[in-house]
Amino acid sequence: MSSSDKYTVETITELHTWTPNLFSFKTTRDQGFRFVPGQFARLGVKGEDGSIVWRAYSIVSASYDEFLEFYSIVVPGGKFTSQLSKLKVGEQIYVERKSLGFLTTDRFELGRDLWMLSTGTGLAPFISILYDFKTWETYENLILVHSVREKEELAYEKVIRNFKKSEYFSEFSSRLHYVQAVTREEVPNTLNARITSLLENGELERAVGIAIHEDHSRIMICGNPEMVDETRELLTKRGLRVSRRGEPGHLAVENYW
Ligand code: FAD
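Below or above, wherever it landed, is the structure these notes cover. Quick caveat, the model's predicted, so the values are computed rather than measured. (Residues numbered from 1 in each chain as written. Predicted model: local features only at pLDDT ≥ 70, side-chain atom pairs only at ≥ 80, totals over all residues. Heavy atoms only, no water.)

1. Observations regarding the pairing of strand β4 (residues 52-58)
Point 1. For strand β3 (residues 40-46) and β4, the ladder comprises seven bridges, and the chain directions are antiparallel. Looking at β4, one finds that Phe40 is bridged to Ser58.
Point 2. The loop that links β3 with its antiparallel partner β4 comprises five residues; one of these, Gly50, has a positive phi angle of about 90 degrees. (Pairing = 2+ DSSP bridges. Helix = DSSP H or I, 4+ residues; strand = E, 2+ residues; numbered from the N terminus.)

Set out below in structure tokens:
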């Protein structure tokens, strides 16, 4: 494999398995690859017929890290993930040179609270956003909501809790509110419903102790398209506006399929 104008060839340097269908991996990073926290890369793997299959992947790692990190589902029979999940440390992956996406905090009007609502692997961009010191300086409250079906899918829990302990972010540690929602199991200290229900019945805001309002809430939504669309609709009815190019608003969304 050799690099081209469009992509570079990177090496897998680390793999971490969370569950049989969820894993993270790190790759080398081309020195010229730049991104804004929240953006995604396009990754390529060789498919069964030898052609390259490309898919979008949110970047988990910090913009200042020397490596790139990604968090992936394994879709049974999926064209991309069935190949990706076979890769081992030392093997290669294609990364398009250009990062993409608008799930970035620079899309918003200034605000007080940053809500990051995710399902499953939709957590990925928010980890990168949390590694960004500017996020902690800008917002008084960072509310990260991770909704999964089963407890074992609560990936990155330790990384998220460690933000509070890290010397780097500790002066702001009280700003982070981490809410876990598990929909198919009763788990202590977690909410047990979907994000849309938790918003509709007010449980999410009560649990965090902060109300959502267009004056001070900026909300990012990422993951399952049904959740993303329904949540956007709910919040639009409450007066929040989706950010558009050149027109900063209160909501930024990303659908994964
Ligand atoms: P596909 O043929 O692409 O998908 C088959 C079906 O699998 C979909 O119709 C859907 O029902 C389901 N599916 C696809 N992706 C997911 C998912 N992430 N979680 C649950 N079900 C899914 N995926 C990641 O795992 N991590 C990421 O960080 C990530 N970032 C993305 C960013 C963007 C902007 C977009 C558009 C997608 C992102 N995806 C991410 C999805 C990813 O691009 C692929 O769809 C996924 O890798 C599956 O590829 P596939 O070819 O195996 O199956």
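2. What to know about the pairing of strand β2 (residues 22-28)
Point 1. Counting buried residues in β2 gives six out of seven residues, a clear majority hidden from the surface.
Point 2. Where strand β1 (residues 7-19) meets β2, six bridges bridge the pair, whose relative direction is antiparallel. Paired with His16 across the bridge in β2 is Ser24.
Point 3. Linkage of β1 to β2, two consecutive antiparallel strands, is achieved through a turn of two residues.
Point 4. In this sheet, strand β5 (residues 67-73) lies alongside β2 in antiparallel orientation, the contact comprising seven bridges. Counterpart to Thr28 in the pairing with β5 is Phe67. (Buried < 20%, exposed > 50% of the residue type's maximum accessible area, 1.4 Å probe, protein only.)

3. A look at the side chain of Gln39
Point 1. Counting through the fold element by element, Gln39 comes out in the loop between β2 and β3.
Point 2. At 3.1 Å, the side chain of Gln39 and the side chain of Ser99 are in polar contact.
Point 3. Once residues within four sequence positions are removed from consideration, Gln39 is found in contact with Ser58, Ile59, Ser99, Leu100, Gly101 and Thr104. (Polar contact = N/O pair within 3.5 Å; in protein donor to acceptor, adjacent residues only side chain to side chain. Contact = heavy atoms within 4.5 Å.)

4. A short note on the environment of Leu144
Point 1. Its place among the elements puts Leu144 in strand β8 (residues 141-148).
Point 2. Leu144 sits in the buried class, given a relative accessible area of 0%.
Point 3. Along the primary structure Leu144 and Lys26 are separated by 118 residues, whereas in three dimensions their C-alpha atoms are 23 Å apart.
Point 4. Setting aside residues no more than four positions away along its own chain, Leu144 makes contact with Met116, Leu123, Phe126, Leu130, Ile160, His177, Tyr178 and Val179.

5. Topic: the site of the ligand
Point 1. Every one of the 19 residues lining the ligand counts as a neighbour, but Ala56, Tyr57, Tyr71, Phe80 and Thr81 are closest to it.
Point 2. Within the contact set of the ligand, an oxygen atom lies 2.5 Å away from a side-chain nitrogen or oxygen of Thr81.
Point 3. Within the contact set of the ligand, an oxygen atom lies 3.4 Å away from a side-chain nitrogen or oxygen of Trp257.
Point 4. When the ligand sits alone it has 870 Å² of accessible area, and the protein chains cover 75% of it.
Point 5. When residues of the shell around the ligand are traced back to their parent elements, those giving at least two are β4, β5 and β11 (251-255). (Near = heavy atom within 4 Å. Areas by Shrake-Rupley, 256 points an atom, 1.4 Å probe, with all protein chains shown as cover.)

6. Structural notes on the sheet that holds strand β10 (residues 217-223)
Point 1. In space, the five strands of this open sheet follow the order β9-β8-β7-β10-β11, with parallel pairing throughout. Either end of the sheet is taken by a strand with one partner, and the two such strands are β9 (176-182) and β11. In this sheet, neighbouring strand axes are inclined to one another by 10 degrees on average, regardless of whether the strands run parallel or antiparallel.
Point 2. Sheet contacts for helix α4 (residues 157-165): β8 and β9; angle to β9, the most-contacted strand, approximately 160 degrees.
Point 3. Along the sheet face, helix α7 (residues 225-237) touches β7 (113-119), β10 and β11 and points at about 160 degrees away from the line of β10. (Axes fitted to C-alpha atoms, helices over the stretch in contact; angles between N-to-C directions.)

7. A closer look at the packing of aromatic side chains
Point 1. Applying the stated criterion to the full structure yields 19 aromatic pairs.
Point 2. Ring geometry for Tyr7 and Tyr94: centres 4.9 Å apart, planes at 85 degrees, overall edge-to-face. Within this pair, whereas Tyr7 is found in strand β1, its partner Tyr94 is found in strand β6 (residues 92-96), the two being separated by 87 residues in sequence. There is no split in this pair, since Tyr7 and Tyr94 are both buried. (Phe/Tyr/Trp six-rings, centres within 6.5 Å; stacked < 30°, edge-to-face > 60°.)

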